[in-house]
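Fold and geometry: a report
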Amino acid sequence: MGGTVPNLLNPPTGCRFHPRCPYKMDICGKVVPSLVKVDNTYVRCHLYGQ
């Protein structure tokens, strides 16, 4: 991913990666994604939400 690493003391609202994610949607800047199991790992991404 391009961009800069989020500030850990003052992270962005919603998903912490939305400022530099090429797949971001409007919801990404507003709501923290739920934890979802994908194959053998867990992700927090609205792309995998229900």
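Because the structure is a prediction, the values reported are computed rather than measured.

On to the overall build of the protein chain, then. The helix and strand inventory of the protein chain stands at zero helices and two strands. With the C-alpha coordinates of the protein chain rotated into their principal frame, the extents come out at 30 × 20 × 20 Å. Nonlocal contacts in the protein chain, meaning residues at least 24 apart in sequence, comprise 2% of its contacts between residues at least 6 apart. Of the roughly 4300 Å² that the protein chain leaves accessible, carbon and sulfur atoms contribute 55%.

Further remarks concern unusual backbone geometry. One non-glycine residue, D39, lies in the positive phi region at around 55 degrees. Counting through the fold element by element, D39 comes out in the loop between β1 (35-38) and β2 (41-44).

Attention now goes to the side chain of H46. Examined against the element boundaries, H46 turns out to sit in the segment after β2. Residue contacts for H46: discarding those within four places in its chain leaves M25, I27, C28, V31, V32 and P33.

Here we come to the pairing of β2. By the bridge criterion, four bridges tie β1 to β2 in an arrangement that is antiparallel. Across the sheet, K37 pairs through a bridge with Y42, a residue of β2. In this antiparallel pair of consecutive strands, β1 and β2, the connection spans two residues, and D39 shows a positive phi of 55 degrees.

For the pair H46 and H18, spaced 28 residues apart in sequence, the C-alpha separation works out to 10 Å. Looking at H46, its side chain comes within polar contact range of the main-chain oxygen of V31, at 2.8 Å.

Attention now moves to the state of the cysteines. Taken as a whole, this structure holds zero disulfides when the rule is applied. The cysteine C15 is free of any disulfide, with C28 supplying the nearest cysteine sulfur at 6.0 Å. Distance from the sulfur of C45, which forms no disulfide, to the nearest cysteine sulfur (C21) is 6.2 Å.

About the thresholds
- Residues numbered from 1 in each chain as written.
- Predicted model: local features only at pLDDT ≥ 70, side-chain atom pairs only at ≥ 80, totals over all residues.
- Heavy atoms only, no water.
- Helix = DSSP H or I, 4+ residues; strand = E, 2+ residues; numbered from the N terminus.
- Contact = heavy atoms within 4.5 Å.
- Areas by Shrake-Rupley, 256 points an atom, 1.4 Å probe, with all protein chains shown as cover.
- Pairing = 2+ DSSP bridges.
- Polar contact = N/O pair within 3.5 Å; in protein donor to acceptor, adjacent residues only side chain to side chain.
- Disulfide = S-S within 2.5 Å.

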